[in-house]
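Survey of secondary and tertiary structure
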Amino acid sequence: MPKRKAPKGTFWRGSHLWGRIQTGGRDVKWSLRTDDPEIAKRRVKEARDRAIAIHHYGDARRSVAELLEVWEQYIVRHVSPKTALRYAVSLGQLQPFLDGLYLDEINGALVAEIIRERSAQKVSNATIRRDLVALSSVIGYAIDQGWREDNPVLTRMSRIKERRDPIVLPEADDIQKVIARAPGMFAKLIEAAWLTGCRLNELVSAKRSQVDHARRQFSMRGKGNKVRVIDLDDRAFELFQSLPPALGKACLFWHHQGEPYRTASGRFKVLVKSVAKQAQKQEQQFQSFRFHDLRHRHAVDWLKSGRSIYDLQQRLGHTSVKTTEIYLAFLTPEEKRQAMFSTKQKQEQIQEHEQRSEIIKSGSTN
């Protein structure tokens, strides 16, 4: 069906009509969030009337564009560069919904529309939640400034349930095939994830100073900027010892002239696809997997070796042991009992240590 003629002050962009007005000497364009010319005509008139009111009568309503400008100056001083970048990406995705609006027009109906349209675009619930977190930060800032009283994003966001895909553990043979095909130190990076359970960003951002060779330990900054330290078993310690230093560079895993891996996730996906294609040509069995699945593989291997789920929780950096318990599903009843028994022993040891410390402390103060 051919597109209908765009009303005055509007134009087609993709499947939606956009508005265009001149205000304050600027050419403002925004999505009208409709493909109906009559609705678009009404919405662009409403926007033009608001702009005229502000220009001639000093209307104090703040536009979303104005709010974003001051919020951006604020947020870069209060979050990490990585979080600020994530917020910027999310707000870029939401821009078609926000362009041309005023702060008081961000309401429950708009948030519901964002969720509905983003879902229709097959965007995951996790991504939609991340985008709304960024928008909620903007609204929160406006509340702090006394520019509005409520945050309609929070109530809608809490209703979005993140769907967790079932964990599929990669087979050891498949991991080895990917490692064998990986170029240079990228192979070491993959193996390190398997042997330590570290997240990808924890490894690619690691410095050589984070490896304590005397104590056979590796320290890192995980989620929430929290520092944790893990012990390295024989295989992991041997791997970390084998990493050649980059001349004049501090990074632990590097390529070319000592540069850290900036696009490791994309590199890994391409690598796995090439291994899968080669296996198909040779009529070999191979199951593709994600980089994060190496962390799952490490966790299950850890528990199957008879070690404590409590220690695994600390090792993976989980806030609650409830999160770590998802790996119990991969154990036999005997292995599960051993993991929980080891945890009970560990907790008793901690309690005994704390009691002993209290006794020593009270004795020293008497």
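All residue numbers here refer to positions counted from 1 along the written sequence of the relevant chain. Owing to the predicted nature of the model, reporting of local features is limited to residues with pLDDT of at least 70; listing and counting of side-chain atom pairs is limited to 80 or more, with chain, interface and lining totals taken over all residues. For the side-chain quantities, the full set of heavy atoms in the structure was used; hydrogens and water were omitted.

The next thing to look at is the nonpolar core. In these notes, a set of buried Ala, Val, Leu, Ile, Met, Phe, Trp, Tyr and Cys residues joined through side-chain atoms within 4.5 Å is what counts as a nonpolar core. Classification of residues uses two cut-offs on accessible area relative to the type maximum, computed with a 1.4 Å probe and protein chains only: under 20% is buried, over 50% is exposed, and between them is partly exposed. Counting 44 residues, the largest nonpolar core has Val 178, Phe 186, Leu 189, Ile 190, Phe 218 and Phe 253 as the members making the most contacts within it. Among the nonpolar cores identified, the runner-up in size contains 29 residues, and Ile 75, Leu 94, Leu 110 and Ile 128 belong to it.

Our focus in this paragraph is helix H2 (residues 64–75). Here H2 spans 16 Å end to end across 12 residues, near enough to the 16 Å set by a 1.5 Å rise per residue. Burial in H2 covers these residues: Val 64, Leu 67, Leu 68, Trp 71 and Ile 75. Looking straight down H2, one finds its buried side chains confined to an arc of 95 degrees; they lie on one side. The inward-facing, buried residues of H2 contact helix H3 (81–98) and helix H5 (125–144). In this description a helix means any DSSP run of H or I spanning at least four residues, a strand means any run of E spanning at least two, and both kinds are numbered starting from the N terminus. To estimate the expected span of a helix, count its residues, drop one, and scale the result by 1.5 Å. This arc describes the spread of directions from the helix axis toward the C-beta atoms. Contacts were defined at the residue level, with two residues in contact if any of their heavy atoms lie within 4.5 Å.

Here we come to the side chain of Gln 313. Residue placement: Gln 313 occurs in helix H13 (residues 309–316). Residues adjacent in sequence count toward polar contacts only when both atoms are side-chain atoms; beyond that, a polar contact is any pair of N or O atoms within 3.5 Å, and within protein one must be able to donate a hydrogen and the other to accept it. There is a polar contact of 3.4 Å between the side chain of Gln 313 and the backbone oxygen of Thr 319. Those residues in contact with Gln 313 that sit more than four places away from it in its chain are His 318, Thr 319, Ser 320, Val 321 and Thr 324.

Its identity is not glycine, yet Lys 122 carries a phi of approximately 70 degrees, on the positive side. If you trace the backbone, Lys 122 turns up in the loop between helix H4 (108–120) and H5. When its relative accessible area of 76% is taken as the criterion, Lys 122 is described as exposed. Non-glycine residue Glu 283 carries a positive phi angle of around 55 degrees. Within the element layout of this structure, Glu 283 appears in the loop between helix H11 (264–281) and helix H12 (293–304).

Moving on, we get to the pattern of salt bridges. If the charged atoms of two oppositely charged side chains come close together, the side chains can form a pair. The salt bridge definition used is simple: a Lys or Arg side-chain nitrogen within 4 Å of an Asp or Glu carboxyl oxygen. Evaluation of the coordinates by the stated rule reveals 11 salt bridges. Salt-bridge contacts for Arg 118 lead to Asp 131; the nearest nitrogen and oxygen are separated by 2.5 Å. Pair noted here: Arg 118 is in helix H4 and Asp 131 is in helix H5, with a separation of 13 residues, a long-range link. The salt bridge partner of Asp 301 is Arg 297, with a shortest N-O separation of 3.0 Å. Linking Asp 301 with Arg 297, this pair stays in helix H12, spanning four residues, or about one helical turn. One network of salt bridges, in which partners are shared, links Arg 199, Glu 202 and Arg 228.

Before going further, it helps to examine the side chain of Arg 228. Inspection of the secondary structure puts Arg 228 in strand S6 (residues 227–231). Residue classification places Arg 228 among the buried positions, given a relative accessible area of 10%. Of note is the side chain of Arg 228, whose polar atom sits 2.8 Å from the side chain of Glu 202.

Here we come to the environment of Glu 72. Relative to the helices and strands, Glu 72 resides in helix H2. Residue Glu 72 is classed as partly exposed on the basis of its relative accessible area, which comes to 43%. It is 8.7 Å that separates the C-alpha atoms of Glu 72 and Ala 88, two residues lying 16 residues apart in sequence.

This part covers the packing of helix H7 (residues 172–181) against H11. If you want to describe how two helices pack, look at the angle between their axes and the distance between the axes. Between N-to-C directions, angles span 0 to 180 degrees; the directions come from axes that are lines fitted to C-alpha atoms, helices contributing only their stretch in contact. Closest axis-to-axis distance for the H7/H11 pair is 10 Å, and the angle between their directions is 110 degrees. For the element pair H7 / H11, the angle class is roughly perpendicular. Contacts between H7 and H11 involve Lys 177, Val 178 and Arg 181 on the former and, on the latter, Phe 268, Leu 271, Val 272, Ser 274, Val 275 and Gln 278. Side-chain classes follow a simple rule in which Ala, Val, Leu, Ile, Met, Phe, Trp, Tyr, Cys and Pro form the nonpolar group, Asp, Glu, Lys and Arg form the charged group, and the remainder, Gly included, forms the polar group. Within the contact of H7 with H11, the residues separate by chemical class into five nonpolar, two polar and two charged. Just so you know how the angles are binned, under 35 degrees is roughly parallel, over 145 roughly antiparallel, 65 to 115 roughly perpendicular, and the rest oblique.

With that settled, the discussion passes to the sheet that holds strand S5 (residues 217–221). When DSSP finds two or more bridges between a pair of strands, those strands are recorded as paired. Pairing is antiparallel across the open sheet formed by three strands, whose spatial order is S4-S5-S6. Both edges of this open sheet fall to strand S4 (211–212) and S6, since each of them pairs with a single strand only. As paired strands, S5 and S6 are joined by five bridges and run antiparallel to one another. Bridging across to S6, Met 220 finds its partner in Arg 228.

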